[in-house]
Structures are given as structure tokens and as C-alpha cells.
Amino acid sequence: MTRQEEFRRRAAAALANPRIRDNLGRFGIAYGTARRNALAVVDYEKERARLRRMKEDAIERLPELARQFVEAARRVGVIVYEAKNAEEANRYIGDLARAKGVELVVKSKSMVSEEIGLNHHLERLGITPVEADLGEWIIQQAGAHPSHSVMPCIHMSKEEVAGVFSKALGREVSPDVSLMVRLAREELREKFLSAGMGISGANIAVAETGSVIIVTNEGNGRLVTSLPPIHVALLGYDKIVPTIEDAAAHLKLLAKTATAQHLTVYTTFITGKTGAAAVARPREFRGAATGEMHIVLLDNGRWAMRDDAEFREALYCVRCASCANVCPTYRVVGGHVFGHIYTGVIGAVITPFHHGWEAAAVPQEACLLCRACVDACPAEIDLPRMIVAMRGRIVEQEEQQKKAKGIRRLFLDAILPSPSLFHLALRLAAVMQLPLTRGRTILRELPGPLKRLTRIRAMPAVAARPLRSRVAEVLPARRDSSRSVTFFASCLIDQFYPEIGEAVIKVLNHCGVTVHFPKAQSCCGLPAYYEGHKETAGRMAKGLIVALEPSPGEHVVTATPPCGITLKQYIPKLVKGDPRWEGRGQALAARTLDFSEYLVGVLGLGEGTFGEPTPHKVPLTYHDSCSGLRGLRLAEPQRRLLRMLTRYELRELDEIGECCGFGGHFSMDYPDVAGEVLTRKLAAIERTGAQVVAVDSPGCLLQIRGGLLKRHSPVQVRHIAELLAEALA
Amino acid sequence: MPLLRHVEERVYQTWEASRRRQSSILSRFVAEAERAGGVVRQAVDPQAVGFSIAALAKAQGITLCQATDGDLARELNLEAALIEAGVSLVTGPSPDGIGHAEIGVTRATAGVAETGSIVVHLDEVDARLLTMLPEIHVALLHQDTVVDSLEEGLLLTRYLILRSCLQGRPSYLSWVTGPSRTADIERVLTIGVHGPRQLHIFLLPPAGKGIGSS
Ligand code: SF4
Ligand code: SF4
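Residues numbered from 1 in each chain as written. Chains lettered and ligands numbered in written order. Predicted model: local features only at pLDDT ≥ 70, side-chain atom pairs only at ≥ 80, totals over all residues. Heavy atoms only, no water.

### Side note on the overall build of chain B
Note the threshold: Secondary structure elements follow DSSP: runs of H or I no shorter than four residues count as helices, runs of E no shorter than two count as strands, and numbering proceeds from the N terminus. For a compact globule the rule gives 2.2 Å times the number of residues to the power 0.38, and the radius of gyration it is set against comes from C-alpha atoms. Summary of the burial criterion: residues with accessible area below 20% of their type's maximum are buried, those above 50% are exposed, and those between are partly exposed, where the area comes from a 1.4 Å probe applied to protein chains only. Any two residues having at least one pair of non-hydrogen atoms within 4.5 Å are treated as being in contact. Reported accessibility uses the Shrake-Rupley method at a 1.4 Å probe radius. Residues are deemed covered only where the shown protein chains occlude them. Residues scored as positive are Lys and Arg, those scored as negative are Asp and Glu, and His as well as the terminal groups of each chain are ignored. Where a charge sits is defined by one atom per residue type, namely NZ (Lys), CZ (Arg), CG (Asp) or CD (Glu).
When its secondary structure is counted, chain B shows 7 helices and 12 strands. For 214 residues, the compact-globule formula gives about 17 Å, and the C-alpha radius of gyration of chain B, at 17 Å, lands near that figure. Projected onto its principal axes, the C-alpha positions of chain B cover 50 × 45 × 35 Å. Going through the 214 residues of chain B one by one, you find that 58% of them count as buried. Counted over contacts in chain B with a minimum sequence separation of 6, partners at least 24 positions apart contribute 78%. For chain B, the accessible surface area stands at approximately 8000 Å², while carbon and sulfur atoms represent 51% of it. Measuring between centres, the 19 positive side-chain charges of chain B sit 5 Å from its 24 negative side-chain charges.

### Regarding the packing of aromatic side chains
Residue and element names in this part refer to chain A. Put simply, the rule reads: For this analysis, a ring pair means two rings from Phe, Tyr or Trp (six-membered ring only for Trp) whose centres lie within 6.5 Å, classed as stacked if their planes differ by under 30 degrees, edge-to-face if by over 60, and tilted for the remaining angles.
Per the stated rule, a full pass over the model turns up 15 aromatic pairs over all chains. The interplanar angle of 45 degrees and the centroid separation of 6.2 Å between the aromatic rings of Phe487 and Phe517 together place this pair among those described as tilted. Residue Phe487 is found in strand β14 (residues 484-488), and its partner Phe517 is found in the loop between β15 (514-516) and α26 (526-530); the two are separated by 30 residues along the sequence. Relative accessible area serves as the criterion here: at 0%, Phe487 is assigned to the buried category.

### Considerations on the pattern of salt bridges
We apply this condition: We count a salt bridge whenever a side-chain nitrogen from Lys or Arg sits within 4 Å of a carboxyl oxygen from Asp or Glu.
All told, the structure shown has 64 salt bridges over all chains when counted by the stated rule. Here A:Glu6 ties to A:Arg9 by a salt bridge, and the two come within 2.8 Å at their closest N and O atoms. Here A:Arg9 and A:Glu6 lie together in helix α1 (residues 3-15), a separation of 3 residues that amounts to about one turn. The class for A:Glu6 is buried, based on a relative accessible area of 14%. Here A:Lys239 and A:Asp238 are joined by a salt bridge, their closest N and O atoms 3.4 Å apart. In this pair, the class of A:Lys239 matches that of A:Asp238, namely buried. Each of A:Glu47, A:Arg50, A:Lys252, B:Glu114 and B:Glu151 takes part in one network of salt bridges that share partners.

### Regarding the side chain of A:Thr271
What counts, and what does not: Polar contact is the term for a pair of N or O atoms within 3.5 Å; when the atoms are in protein, one must be able to donate a hydrogen and the other to accept it, and sequence-neighboring residues count only if both atoms are side-chain atoms.
As for its placement among the helices and strands, A:Thr271 is situated in strand β9 (residues 266-271). Judged by its relative accessible area of 0%, A:Thr271 falls in the buried class. A polar contact is formed between the side chain of A:Thr271 and the side chain of A:Ser211, at a distance of 2.9 Å. With residues up to four places along the chain from it excluded, the contact list for A:Thr271 reads A:Val76, A:Thr209, A:Gly210, A:Ser211, B:Ile161, B:Pro170 and B:Ser171.

### Examining the site of ligand 2
For clarity, the cut-off: Any residue with at least one heavy atom within 4 Å of a molecule or strand is counted as near it. Note on residue categories: nonpolar means Ala, Val, Leu, Ile, Met, Phe, Trp, Tyr, Cys or Pro, charged means Asp, Glu, Lys or Arg, and polar means any other residue, Gly included.
Taken together, A:Cys317, A:Val318, A:Arg319, A:Cys320, A:Ala321, A:Ser322, A:Cys323, A:Ile346, A:Cys377, A:Pro378, A:Ile381 and A:Leu383 are the residues near ligand 2. Of the residues belonging to the shell around ligand 2, the class tally is 10 nonpolar, 1 polar and 1 charged.

### So, the domain arrangement of chain A
Residues and elements named next belong to chain A. The condition that has to hold: The split into domains, and so the bounds of each, comes from an automatic or database assignment of domains. Buried area is understood as the total, over both parts, of accessible area removed when two parts are fitted together, assessed with a 1.4 Å probe.
One can read the domain layout of chain A as domain 1 (3-33 + 304-400), domain 2 (42-300), domain 3 (420-602) and domain 4 (618-728). Centre-to-centre separation of domain 1 and domain 3, based on C-alpha positions: 30 Å. Every contact between the two is made by 8 residues of domain 1 and, on the other side, 8 residues of domain 3. A per-residue breakdown of the area domain 1 buries against domain 3 is headed by Leu369, Val388 and Val395, which together make up 43% of the total. With 5 residues, the top contributor of residues to the side of domain 1 that touches domain 3 is helix α19 (residues 383-400). Of the residues in the side of domain 1 that touches domain 3, the class split is 3 nonpolar, 1 polar and 4 charged.

### Considering the sheet that holds strand β9 (residues 171-176) of chain B
To keep it simple, the criterion reads: Paired strands are those between which DSSP finds at least two bridges.
Taken in spatial order, the 8 strands line up as β8(A)-β5(A)-β6(A)-β9(A)-β9(B)-β6(B)-β5(B)-β8(B) in an open sheet, and their pairing is mixed. At either margin of the open sheet sits one strand with a lone partner, and together these are β8 (240-241) of chain A together with β8 (146-147) of chain B. With 3 bridges connecting them, strand β5 (residues 204-206) of chain A and strand β6 (residues 211-216) of chain A associate as antiparallel partners. Opposite A:Ala205, over in β6(A), you have A:Val212 as the bridge partner.

### Thoughts on the sheet that holds strand β21 (residues 716-719) of chain A
All names here are of chain A. Note the following rule: Lines fitted to the C-alpha atoms define the axes, with helices restricted to the stretch that makes contact. Angles between their N-to-C directions range from 0 to 180 degrees.
With parallel pairing, 4 strands are arranged side by side in an open sheet as β19-β18-β20-β21. Bordering the open sheet on either side are β19 (648-650) and β21, each of which pairs with just one other strand. This sheet shows a mean twist of 35 degrees between the axes of neighbouring strands, independent of strand direction. One ladder, built from 3 bridges, connects strand β18 (residues 618-623) with β19; its direction is parallel. Bridging from a neighbouring strand, Leu620 pairs with Leu650 of β19. Running over the sheet, helix α32 (residues 636-644) touches β18, β19 and β20 (692-695) and is turned about 170 degrees from β18. Helix α36 (residues 720-728) rests against β18, β19, β20 and β21 of the sheet, and its axis sits at about 90 degrees to β21.

### Some points on the pairing of β21(A)
Residue and element names in this part refer to chain A. Taking every second residue as pointing to the same face, the buried face of β21 carries Val717 and His719, while none of Gln716 and Arg718 on the other face is buried. Alignment of β20 against β21, held across 4 bridges, turns out to be parallel. When the sheet's bridge partners are listed, Val692 is paired in β21 with Gln716.

### Focus: the interface of chain A and chain B
Counting from both sides, the interface comprises 72 residues of chain A and, opposite them, 55 residues of chain B. When chain A packs against chain B, the two sides together hide about 5200 Å² of surface, and 59% of this comes from carbon and sulfur. At the surface where chain A touches chain B, the tally comes to 8 salt bridges. The partner of B:Glu151 in a salt bridge is A:Lys252, and the shortest N-O contact between them spans 3.1 Å.

### A word on the layout of surface pockets
Spelled out, the test is: Every definition here rests on a 1 Å grid over the protein atoms only: cavities are sets of points where a 1.4 Å probe fits but cannot get out, pockets are open sets enclosed by protein on both sides within 12 Å along at least five of seven lines, and lining residues have some atom within 4 Å of a point. Grid points are joined across faces, edges and corners, and a volume is the space filled by probe spheres set on the points.
Roughly 990 Å³ of volume is contained in the second largest pocket. Forming the boundary of the second largest pocket are 45 residues, of which A:Lys109, A:Val150, A:Asn217, A:Ala258 and A:Thr259 lie nearest the centre. Of all the elements in the fold, those that place two or more residues in the lining of the second largest pocket are α2 (18-39), α6 (111-116), β6, β7 (230-236) and α12 (248-259) of chain A together with β10 (181-182) of chain B. Considering each element in turn, the lining of the second largest pocket owes the most residues, 5 residues, to α12(A). A class-by-class count of the residues in the lining of the second largest pocket yields 22 nonpolar, 14 polar and 9 charged. For the lining of the second largest pocket, the domains that each give at least three residues are domain 1 (3-33 + 304-400) and domain 2 (42-300) of chain A.

### Re the pairing of strand β6 (residues 117-121) of chain B
Residue and element names in this part refer to chain B. Counting buried residues in β6 gives 5 out of 5 residues, a clear majority hidden from the surface. The two faces of β6 match: Ser117, Val119 and His121 on one face and Ile118 and Val120 on the other face are all buried. Two strands pair when backbone bridges link them, and strand β5 (residues 110-112) and β6 are joined in this way by 3 bridges, in the antiparallel orientation. The residue bridging Val112 from the neighbouring strand is Ser117, located in β6. Between β5 and β6, which pair antiparallel one after the other, the connecting turn spans 4 residues, and Gly116 there sits at a positive phi close to 70 degrees. Bridging between β6 and β9 involves 4 bridges; their strand directions are antiparallel. Its bridge partner lying in β9, Val120 is registered against Ser174.

### Overview of the packing of α32(A) against α36(A)
Residue and element names in this part refer to chain A. Selection criterion: Here roughly perpendicular refers to angles of 65 to 115 degrees, roughly parallel to angles under 35, roughly antiparallel to angles over 145, and oblique to all remaining angles. Crossing handedness: left-handed means the near helix sits turned counterclockwise from the far one by under a right angle, and right-handed means the same turn made clockwise.
Put simply, α32 and α36 touch, their axes get as near as 10 Å, and they point 25 degrees apart. For the element pair α32 / α36, the angle class is roughly parallel. Here α32 and α36 pass one another in a crossing that is left-handed. Contacts between α32 and α36 involve Gln638, Leu641 and Leu642 from the former and Ile720, Leu723 and Leu724 from the latter. Residue composition of the contact of α32 with α36, by class: 5 nonpolar, 1 polar and no charged.

### Overview of helix α5 (residues 78-85) of chain B
Residues and elements named next belong to chain B. As a reminder of what qualifies: This arc is taken over the directions from the axis of the helix to the C-beta atoms.
Restricting attention to buried positions, one finds in α5 the residues Leu78, Ala81, Leu82 and Ala85. Projected onto a plane normal to the axis of α5, the buried residues spread over an arc of 95 degrees and lie on a single side. Turned more than 90 degrees away from the buried face of α5, the exposed residues are Glu79, Ile83 and Glu84. Those residues of α5 that are buried lie in contact with α3 (46-59), β2 (64-67), α4 (70-75), β3 (88-91) and β4 (103-107).

### Overview of a nonpolar patch on the surface
So the rule is basically this: Only residues whose relative accessible area exceeds 30% and that form no salt bridge enter a patch; like-charged residues are grouped when within 9 Å of one another, and nonpolar side chains (Val, Leu, Ile, Met, Phe, Trp, Tyr) when within 5 Å.
Side chains of A:Leu421, A:Leu424, A:Leu428 and A:Met432 sit close together on the surface and give an oily, nonpolar patch of about 420 Å² of accessible area. By relative accessible area, which is 60% here, A:Met432 ends up exposed.

### Some words on unusual backbone geometry
Residue and element names in this part refer to chain B. Its identity is not glycine, yet Asn77 carries a phi of approximately 55 degrees, on the positive side. Mapped onto the fold, Asn77 is located in the loop between α4 and α5. For Asn77, a relative accessible area of 21% puts it in the partly exposed group. Positive phi is not limited to glycine here, since Glu186 has a value of about 50 degrees. For Glu186, the location among the structural elements is in the loop between β10 and β11 (190-191).

Pasting the structure below:
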């Protein structure tokens, strides 16, 4: 099975359980509001830049800080063990428990212990581990895995939880949340008092004093580390920071982003073992009455991550789960599909280092690269960048193992990068589709193997005549002006939506701009880049530089933001380090502007009106493309242009910035997941009461228009350029 | 110990600066601590606090209260007040109380206004358990030990821990921000999981000793 097929299989299983997306969907909405309120009291951008700097510095100085941490901890009597891998850490903790005659272990939440499979190991030795965090306890009793790093059983209903309680306690428990919480308190209190060992994780470790900092809301962390006579703290090297004061930005943002609190209820600084509790000096425990603290410092791939320039920033993670909470696809499939043992996108990104590339290949498929997580991450981690880097390495490995699927490779590595083959293929498609389209421009159902493409939305037909055949190489301005641009159309506009291209040209010409349309242009290579075919993407980057360079336009203008990102950001990266191309790539990037940005920023449009005054206005909403909003950081120019249109009245969506689920190949490969994301978008559109949806990207247009058509909705979807051109008519 | 002295100097400066803005810091502290679910009361006369605790116990049908030490109980006139209310008192970390007492009475070392937290620095484990096991935790906090920002709170925390650490002494310090809570089941906020269900903070008059002095 290819990784795509395996992902489809897993996603289908998750989609069959509506509880997951209902819970996560509702949570996603509540989370957004609560988080915004919690963050309102701080300067978010300033604080997260501070957190970022602190983590960068700490990871840079890690060898020195780790030494300092170990020395300081030993000074207060802690026994420190440095474990290279899961096996060593498990063996150390298991042997210690056995040597001390421990039969029962209580644990506060530790994701590292999940990472190494500690519970299994202890059980094999005949030692009983009990999770003390309520959510983790429920998961443990259910014999399941957490699906979310902050709320482990978010995928379960209270009825399901009551079932778990009934089974664990051996009596009928009704699905009453406060009752269940009280029962858990009683049940676990008993365990705290009789356990011989407490195992905790750590949110932060402090080099200067050898302290571990643990945050919990329930208070289990303090009991686990105070009551049992032995405390083992299990943590990765990545948690170490220089001093307690350096924890400021971390603590300030963690609770606000994770649970929308100003601070977690208990923030505990543990520096050595401060004696054993008299009340809990247990019968079976043979150890010292003063107690012991052990710290197990785990590598398990962390040093390799630090040495890997592409993945180092994954070590800056503070495990707030924001990246999962805002992720459109996580909210559909949940953490059992999007994640391995660590959940969500950060889980997918670190999995290769902890659990191998084999385990990582499938979960990462869940990312459709909308970049919502980048803005939500308090450590400014560029997760989608790492997803693309992962894909690159996975593709390389598949090449070596000859696992790549023929057609996909043929398309991405041979047809797409060759302008003549690519355009030939599209012309063939334009002819072959005739029996299906019978002249229409919309395909509601495709047959056979293509059926998947129209499962959630209608598809546009390939244009009978692409833009390149419809317009000349030079399209002069309506009036005399020295302004000129080079139009980069993008495949979608050229081959599927030439009318958008014509609208762009019309508006530019009307504004006194001469448009050059070099016919040598072809695909920018984005599909290859996003799917990890770096070598192909690199070749295509150079092809595009050569095609656009000689064209005399002052600026290169696109009306397709994802391709705009390719020209502005990815192409310079792809040719970086190649002295013959680096400068040319940068020059192209510097010349490129999005259509709206050009109109507003360069031509100074945005004031006044476009079109005839009308007595009654049509309600219109604007859908931000992920690439425009977060990739190019453009939100205002589009809105300014829309407000100029006399015919329309702009009504904002209540969930600005949510992805529509297009994601290029994603919605082709995984229509069911993309379809759920789309459904949410359409519901938000409906709530505005708009009759027209304006977009700045033809990809979003394809997705949203197709979804509305499939549902027989009368709502229209138009590119901003079309609306402007229409106002000129 | 130049490092410790340097940190201590900064703590002292913070305390001096905080004293000049005390009333605004205090009102911020009260607002934030209550927002986190704590109950804050001004106690002009410490001797009256005992009666407040007794009233609390009586109202909730509580029969056993425990305080970390006899000095604290005397300062609050706790014993007399509780006798009057028919509530038993245990002082010191005696096993008679721990695990049974429904009210634990302890001091707090400092407060942090920005987050509404109290800093509980109790290295003696059995005393510390009084902030964890009972249903109700009552904390006594001197007004002039409240600092404004999270950063200042961490500076103080660093100082307290560093002081012990440099002498090879273990330590255990918690910031407590409201009562224990969970939202693990269907995200329904529920108060009182493993820790206290209620947190009562009594603000005592200034001690005038500076923060973190022991
Ligand atoms: S880029 Fe979008 S789809 Fe990918 S992980 Fe981030 S939020 Fe999810
Ligand atoms: S990657 Fe960022 S957003 Fe995701 S859990 Fe880590 S810190 Fe939070």
C-alpha cells in the first residue's frame, strides 16, 4: 500500500466516527475565542518572539546547559541518568523500581513516557503504573492512546467515559461529569497514598539550579512528586533553559495558548527530593525515609534533531497543542490519524526522530499546508516548512526503495516540468473531456478512476482555449502610460479559468498598465515542491526564471497567491547556493507582486469607487486564501478593492482565515477530509447571507464554487479581478 | 557568592519598587486571583482570621482543620475560634491530621499580581501536603509580599531556589493560581480534582520584612 492509500484508509476510519469531528469542531470554535481573549492581555507577537529567542539560545547552548543542569541537580542530591534511547530509559526506571520493591507507580502526565512506552515496560516487570491525570487515566483504563496532547480524550463523549468508569470501578457510573471527577479523586487518592514511586515529566528544566518545572491544573503533579518516597522525573534534553527567569515567556504563553488560562493552576519548581511524606511512607517500600529523586534525561533522537538544520526548530516546542487546535484537517481526523504517538502536526514532524521515518510517512499526509499553525505557534515554529522538508526525504527514500507510484512520479517528475508535454497533456484532456462536458464548463460527476475528483465538488472543465491562445504577448494600456507588468498566469488561470486572466488584463489595461504575457511561461513547480519533489521543483524554478526574465514588465504580477509564494519565497530558496541562479531567483522574487497588492500598493487604488452607484447593494463576503493571508501577508488590499465596488456590500466571515480545504493535490488525493473542511467553510459563508463570495485565488474558487454547485446553491464565487472587470463594463 | 548576592539585590529593588505602588498591585492581585477562582479577603486584624476560618468550616460542616505550625495558629487566634465553632484543630505536620483534615492552613511566601498566584514555598513535605490534600486550602499572605509581574515573581522564585541550591539543600516551591480544576471530560470545567476545591487567601497587614526573607 502506498502512503497515500494508507492515509486514506486511516482517515476513512476516523471519518466514520462523527464524534471526533463534532468534538474537535466545537472545540476549535470555542478555543479560538477563548484563546483570543486570554492573549488580549499580552503583546502576543512580542512575547512569542521572546520565547523563540530564549529557546533558540537554549538549544544552541545545550551541551553547556545540559552539563550545568546535571551538576546542579547532583548538588541537591538528585541521581541523574542520561539515557541515549527508549530502551535505556525504560531499563533504568524498571530496574530502579524493582530494586526498591515498588509494586505501584503513580504518574503525572508525561508525554516522554508515552514516547518510550514506559507503561508497557513496567507492566512486563509486574509493576502497575497508574496515570493520575484524569484524561490520561481515562485513556489508560480504556486501553487507548491520547488523541490530543493537552486533552487526551477529547475524542470521547461523556457517555463513553462513563462506560470506562463503570468498567474500571466495577459498578455502574452515570455520565455525570462532576460525579465522575469526584470518583476519580477518591480512586486516585488511594493510589497516591500507597504508591512506592511517582513518575513525572517536566515542562521546563533549569540549568542553573537543577530544578524541574511541572505545570498541572488538577494538582496531580504535586501529589505524584510529594507523596511517594521516590520521584523519577523523565524528560528530554530539549526542556533545559538557563535560569528560572528564562521561563517567563514560556509560562506566560503556555497556559494562554493551551487552555486559555492566564497561568496553569499549579506551576511547581522541584529541586531535589524534600523528604518523604509520613502519611505515605508505604508498607511495601523498603527505601530511605528521606526519599530519593532521580532524573532521567533522554536523548532518543533529540541531539540528532538539534544537529539537523531543517528540523532543529522542532525542539523549541512547548507542547501547547495550538497547532492541532487550529488545524483544519486535525479537526476532521483527530490525533490518531494526524500523529503517531505524539499527536498533531508537531507530532508528525518529530516522529521520524523518535520513532523512525517509516512511522512518520503516513501521518504527515494530513497537512494541506494552510499555515494556520504557524501563526498559532507561540514558539513561531514553521511546521509546514518542516512538513515539506519531510516529504522531500520521504520521496528520496521511496525512490531508493522503488516504492513511489508510477503515475504520480510520471506526472510530477516528467510531465509537469516539461512545458510542451504538460500543455500537450492538457490539450489532450480538453479534447477527451468533450463527451463528458458536451460544451459545458462544469463537470458535476467524473467517471471511473476520476470520480474521486468530483466527490465533494464539481470540477471545472479544461478550457477549450487556454489563456495563452486567447491573448497576445503584449496587451497595451488603454491610455498612454509608462507602466507595464509581466503577467504570470498560473496553470489554473491559463488552463481552467482563462476568463480570470482576461479580467486581470482588462483591469490592468484600464488602469493604464501595459501587460506582457510571455508565452514561454509554464507551471511554477509548486505541486512538485509541496509534494517533496525538490529536484523537479528546482528544475522548474530555473525554467520559470528563464521564461520571465526577458519580459520587460516592471513587475511580475500574479493573481494566484500560492504561485506568488512560489515566485517570492520558494524559488529563491530552491536556487540558493547556486551562484549562477541565486541572484536571478532573488531578482524574480523582488519583482513579483500579487494583483491586489499591485493595484493598491503601486497604482494607489483603494480610494473612491468602481462602478455605477446603485440604490441597493448585493451582500458579498470575502474568503482569504491561506497563501494570500498567511503566505503573502495580504489582507487589506483585497478588502480595499472590494469596498470600492459600488454594487456590493462586504460582510466578513465569522471565521476569517479558515482554509477552504483545497490544498492543491490534497483535495484530489483526500476528498473526504477536504470535503469536511469545505463543509465548514460553506456553512460560514451561509451564515453571512452573502450572494457572492469573492476570492483572490483560483484554487479557492475551484473548491468553493465546486462545493456550492454540488449543493445546488445559487451563491456565486468570483475572483476579485472578475468583479473589478465587471464594474468597468 | 556574588551570583546570589546579585540576584538578592534585584529582589530587594523589586520589593522597594513594589511598595511604592502597593495599592495598585494589590487590586490587580485580588482581581486576578478571583478570576482564577480564588477567594481573597483583606484581614486588617490577623486575630480575626481565626473566626473567619471557623465560620467557613462551620458553614460547610467541616470538623477537622490543620495548620502548619503553632505560631501560625496563635497569630490567627485559630484555636479559640475553632473551639467555639466545635471544630478540631491539629497543628504541625502530624499524621493525625494529614489525609483527614478538610481545611489546611498555611502561609504563602509571596503573591504575583499579574497572574493572581500565591507562591507556596514549603520544603517540609508534610506541611506542604496541607496545600494539596484537604478540600479547602487557606493561605495567609502579607500584603507587602505581592509583586506585580510574572517576571518579578520568577526573579523571586529564582532567588529562593538558588539560595537553597547553592547550599546543597533541596527545595519545593509552587505557584498556586486558583483551586484545582480539570476540563478533561467533554471540556466541562470541573473544580477540585486532585487538589483543593476551594482556595481562600487572607491578605495580612505588611510584615515589613521584605520578600523571601526567612
Ligand atoms: S499547515 Fe495547516 S494543515 Fe498543515 S498542519 Fe498547519 S494548520 Fe494543519
Ligand atoms: S509546535 Fe508550537 S503550537 Fe505546536 S505544540 Fe509546539 S509550541 Fe505549541
